[in-house]
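In case you want the letters, here they are:
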Amino acid sequence: MVNEQNEKDVFVRAYTAMVLSRTFDKKIVMAQRQGRIGFYTPSIGQEATQVGLSMALDHDDVIFQYYRDVALMIHRGVPIEVILDQIMGNAEDESKGRQMPSHYTAKKYNFMSVQSPVATNLPLAVGAAYALRYQKKNTVVVATFGDGSTSTPDFHAAMNLAAVFNLPVIFLCENNGWAISLPTEKQTKVEISEKAAAYGMKGVKVDGNNFIETYRATMEAVERARSGKGPTLIDAISFRMGAHSTSDDPSKYRSQTVEEGSEKDPITVAEEQLKSLGYLNDSLIAKIKEESTKMVNDKFDIQEKIPAPEPSTMFDDVYAEKNWIIKEEEDDIL
Amino acid sequence: MVQALNSTLDHIMSGDNSVILLGEDIGKDGGVFRVTEGLQAKYGEERVIDTPLVELGIVGMSVGMSLMGVKAIPEIQFQDFIYTAFDQIINQMAKMRYRSGGGFTLPMVLRTPYGGGIKGGLYHSQSGEAYFAHTAGLVVVTPSNPYDAKGLLISSVESPDPVIFLEPKRLYRAAKIEVPDEDYRVKIGEAARPVEGDDLTIITYGAMVPTVLNTVKNNNLNADVLDLRTLLPMDVNAIISSAKKTGRVVIVHEAPRTLGMGAEISALISERAIEYLYAPILRVTGPDIPFPYRLEDYYMPNEARIMKAVKRVMEFR
Ligand SMILES: Cc1ncc(C[n+]2csc(CCOP(=O)(O)OP(=O)(O)O)c2C)c(N)n1
Ligand SMILES: [Mg+2]
């Protein structure tokens, strides 16, 4: 938690994570163009939302994240190497190169495992919260997802269940204005935060471009959850500055953009805030950016040398023990 | 194949204004694989609908539209994301005619890309055809080339029964072949025989067809190749007559082996032509594991694996 003594450190650390995430995303998008990476979903534009969320959480809190949460992972301490291993699908990847890039698992950091079908993580978060309360743990469970995900049956089911059982869950909608080509106003007729009322839970709308505001709103939700006052839906408004993914061409469906470094860029917002608080100055900013670039480039080159997983590993972990079917197929294929 | 599907949809829509397309990102964006490119600009937002992100709703709405005489052609962006709509497919789409005593029928075609080979990992590579082929009331088709894609799509839209139209996404951008401008139909329930031969029968469909044809060519096999095209109902006559002719059968599909289409094909042959067989019927399929990302090449059936099975059936005594 932030207090007067540690505020500077905490805020500078938050800023550093945002910059590192941005640098990382740009590097990976570039590497994808060079054919060194298969696919990627950058978080560009959502760094403040993700870092603000992370700042409010403890290590023991459990996160059912989605495929666009690199700033969240970085701030929570997941090493860049771990993230790179997943994206490269190499032999050191926690999920053994089985998942498409951006689908992380980071068990040690209480990040659950990312799936592609959107919002299917939400009911899981509700179940996890029920279990943790039953086990008398004072833990909060967070699910992240996009604005598009609020249209799904899973969203409805999860919201309703969390409210009915009054569970310590935070639903954090990373509302970046777009679900691939569909703008949020065509996704839903109401503000996403207003949906909470229909389920009987607290709903808040927050400026997701402002990490301090997102942090404060999340902190309130965390306190509500820990004190048994139930779930919260947070609608964190930002803008998807990049393409949906490296396979997407946004010029086909939108003319609106937010330029990097403009006043709507969450990193610019953070710089202004921290400069006016006297925590950052231009030379410190330059130093943080330089260090991020070097770190990302160096680590990328190192991780890129790690080979693919052994072919036999693809037959593991379907079950605790391989059944005869899989054994037979493995023998046939390898 | 993308081009053929796109121009056929265009053609169908221009000739029949009861046709409506709906799905995620199909309008302005033209679909994530560009199958519906340009159609919203041409036919408007009322006929080419960019829906919110809800597969269950897309299929349910399509059933409702079709009940009222609109021919709905929903797209599910990836077959892997169809499962929240499964209830609508299995319990509404497939059962409407039966439960209304034939009174309500659904002239709808649900299009969806399926299969691997594009580095899509667990959730952009699935081959779930057996789920649908296990459901009475559905028709299930899958083209393996642009020509069949057009002919099957026209037949599907004209079909009085609801069709699951599975598009092998690996072939979307594969070899371009000329597709005639005029209307033609590929009959539902009819397999194609792209290569004729006498030594053995290879039965396949979808994305595995080019793999099988290349294998046959590269190894000078005297094989009878069947491209099923329709998975429900399968062309039992083509299957049985070919099995009787050659007496040796290999089945190739990308979907996992257990209870895949190969199991049904093999059972049909065992029931109807076992006395003609010189060798066991072999299946070359994807393994019974989720579809992996980095190691996908090991998942996909390939020439070496097909030849291993071919040799076994040819050398069997
Ligand atoms: C159930 C499901 N349907 C379709 C897709 C394909 N798809 C991937 S991301 C996406 C848009 C998601 O938008 P949103 O929830 O706003 O998240 P964002 O990508 O903007 O962060 C779609 C349609 C999917 N992953 N899951
Ligand atoms: Mg979004």
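Residues numbered from 1 in each chain as written. Chains lettered and ligands numbered in written order. Predicted model: local features only at pLDDT ≥ 70, side-chain atom pairs only at ≥ 80, totals over all residues. Heavy atoms only, no water.

Our focus in this paragraph is the overall build of chain B. Tallying secondary structure elements over chain B gives 12 helices and 12 strands in all. Its C-alpha atoms give chain B a radius of gyration of 19 Å, near enough to 20 Å, the size a compact globule of 317 residues would have. With respect to the three principal axes, the spread of C-alpha positions in chain B is 65 × 45 × 40 Å. Per-residue burial for chain B yields a buried fraction of 59% across its 317 residues. The long-range fraction of contacts in chain B, counting pairs at least 24 apart against all pairs at least 6 apart in sequence, stands at 79%. Total accessible area on chain B is roughly 12400 Å²; 52% of this is exposed by carbon and sulfur atoms. Positive and negative side-chain charges in chain B, numbering 32 and 38 respectively, have mean positions lying 5 Å apart. (Helix = DSSP H or I, 4+ residues; strand = E, 2+ residues; numbered from the N terminus. Rg over C-alpha atoms; globule rule 2.2 N^0.38 Å. Buried < 20%, exposed > 50% of the residue type's maximum accessible area, 1.4 Å probe, protein only. Contact = heavy atoms within 4.5 Å. Areas by Shrake-Rupley, 256 points an atom, 1.4 Å probe, with all protein chains shown as cover. Lys, Arg positive; Asp, Glu negative; His and termini not counted. Charge placed at Lys NZ, Arg CZ, Asp CG, Glu CD.)

As a further point, take the interface of chain A and chain B. Taken together, the contact pairs 44 residues of chain A with 38 residues of chain B. The junction of chain A with chain B conceals about 3300 Å² of combined surface from both sides, 61% of it contributed by carbon and sulfur atoms. Our enumeration of links across chain A and chain B arrives at six salt bridges. The salt bridge partner of Glu37 of chain B is Lys252 of chain A, with a shortest N-O separation of 2.3 Å. Connecting chain A to chain B are 10 residue pairs in polar contact (both at pLDDT 80 or more). Put simply, the parts of the chain that give the side of chain A that touches chain B at least two residues each are helix 6 (153-164), helix 7 (184-187) and helix 12 (324-333) of chain A. When grouped by side-chain class, the residues that make up the side of chain A that touches chain B number 21 nonpolar, 14 polar and nine charged. (Buried area = accessible area lost by both parts, 1.4 Å probe. Salt bridge = Lys/Arg side-chain N within 4 Å of Asp/Glu carboxyl O. Polar contact = N/O pair within 3.5 Å; in protein donor to acceptor, adjacent residues only side chain to side chain. Nonpolar A, V, L, I, M, F, W, Y, C, P; charged D, E, K, R; others polar.)

With that out of the way, let us pick up the coordination of the magnesium ion (ligand 2). The textbook angles at a metal center are 109.5 degrees for a tetrahedron of four donors and 90 or 180 degrees for an octahedron of six. All names here are of chain A. In the first shell of the magnesium ion (ligand 2), the protein supplies Asp147 (OD), Asn176 (OD1) and Trp178 (O), at 2.0 to 2.3 Å from the metal. Read N to C, the donor residues that coordinate the magnesium ion (ligand 2) are spaced as D-x28-N-x1-W. Of this pair, Asp147 sits in the loop between strand 4 (141-146) and helix 6 while Trp178 sits in strand 6 (residues 178-179), and the two are 31 residues apart along the sequence. (Donors = N, O, S within 2.8 Å, 3.2 Å for Na, K, Ca; no water.)

The next point concerns the packing of helix 1 (residues 7-33) of chain A against helix 10 (residues 266-276) of chain A. All names here are of chain A. At a closest axis distance of 10 Å, the pairing of helix 1 and helix 10 adopts a crossing angle of 155°. Classed by the angle they form, the pair helix 1 and helix 10 counts as roughly antiparallel. As helix 1 runs across helix 10, the sense of the crossing is left-handed. On the side of helix 1, the interface is formed by Phe11, Val12, Tyr15, Met18, Val19 and Arg22, while helix 10 contributes Pro266, Ile267, Ala270, Glu271 and Leu274. Taken together, the residues of the contact of helix 1 with helix 10 sort by class into nine nonpolar, no polar and two charged. (Axes fitted to C-alpha atoms, helices over the stretch in contact; angles between N-to-C directions. Parallel < 35°, antiparallel > 145°, perpendicular 65-115°, else oblique. Left-handed = near helix turned anticlockwise from the far one by under 90°.)

For the rest of this paragraph, the subject is the side chain of Glu329 of chain A. Here Glu329 of chain A lies in helix 12. Aside from chain neighbours lying at most four places away, what touches Glu329 of chain A is Phe315 of chain A together with Arg257, Gly286, Pro287 and Asp288 of chain B.

All names here are of chain B. Judged by how many residues are buried, strand 3 (residues 71-75) sits mostly within the fold: four of five residues are covered. Here strand 1 (residues 19-23) pairs with strand 3 via five bridges, running parallel. The residue of strand 3 that forms the bridge with Leu21 is Ile73. (Pairing = 2+ DSSP bridges.)

Domain parsing of chain A yields domain 1 (7-303) and domain 2 (310-334). Each of domain 1 of chain A and domain 2 of chain A has a C-alpha centre, and these two points are 35 Å apart. (Domains from an automatic or database assignment.)

Residue and element names in this part refer to chain B. Per the domain assignment, the segments making up chain B are domain 1 (2-171) and domain 2 (192-315). Here the C-alpha centroids of domain 1 and domain 2 sit 27 Å apart. Each partner contributes to the interface: domain 1 provides 28 residues, whereas domain 2 provides 25 residues. Here domain 1 and domain 2 share an interface that buries about 2000 Å² over both sides, 59% of which is from carbon and sulfur atoms. For the domain 1 face of the interface with domain 2, the top three residues by lost area are Lys119, Glu129 and Arg170, together amounting to 26%. Across the contact surface, domain 1 and domain 2 share one salt bridge. Its salt-bridge partner being Arg229, residue Asp148 comes within 3.2 Å of it at the nearest N-O pair. At the junction of domain 1 and domain 2, the tally comes to 11 residue pairs in polar contact (both at pLDDT 80 or more). If you list the elements that add at least two residues to the side of domain 1 that touches domain 2, you get helix 6 (129-133), strand 5 (139-141) and helix 7 (146-158).

A word on the site of ligand 1. Close to ligand 1 lie 20 residues; Tyr66, Tyr67, Arg68 and Ser149 of chain A together with Glu55 of chain B are nearest. More than one chain reaches ligand 1: the nearby residues come from chains A and B. Separating an oxygen atom of ligand 1 from a side-chain N or O atom of Ser149 of chain A is a distance of 2.8 Å. Of the residues in the shell around ligand 1, the class split is nine nonpolar, seven polar and four charged. (Near = heavy atom within 4 Å.)

We now examine the packing of helix 8 (residues 208-218) of chain B against helix 12 (residues 303-315) of chain B. The description of two helices packed together rests on the angle between their axes and the distance between the axes. Residues and elements named next belong to chain B. Their axes nearest at 10 Å, the elements helix 8 and helix 12 cross at an angle of 65°. Considering how the two elements wind past one another, helix 8 and helix 12 form a crossing that is right-handed. When helix 8 is examined against helix 12, the residues Thr211, Val212, Asn214, Thr215 and Asn218 are found in contact with a partner set consisting of Glu303, Ile306 and Met307. Looking at the contact of helix 8 with helix 12 residue by residue, the classes come out as three nonpolar, four polar and one charged.

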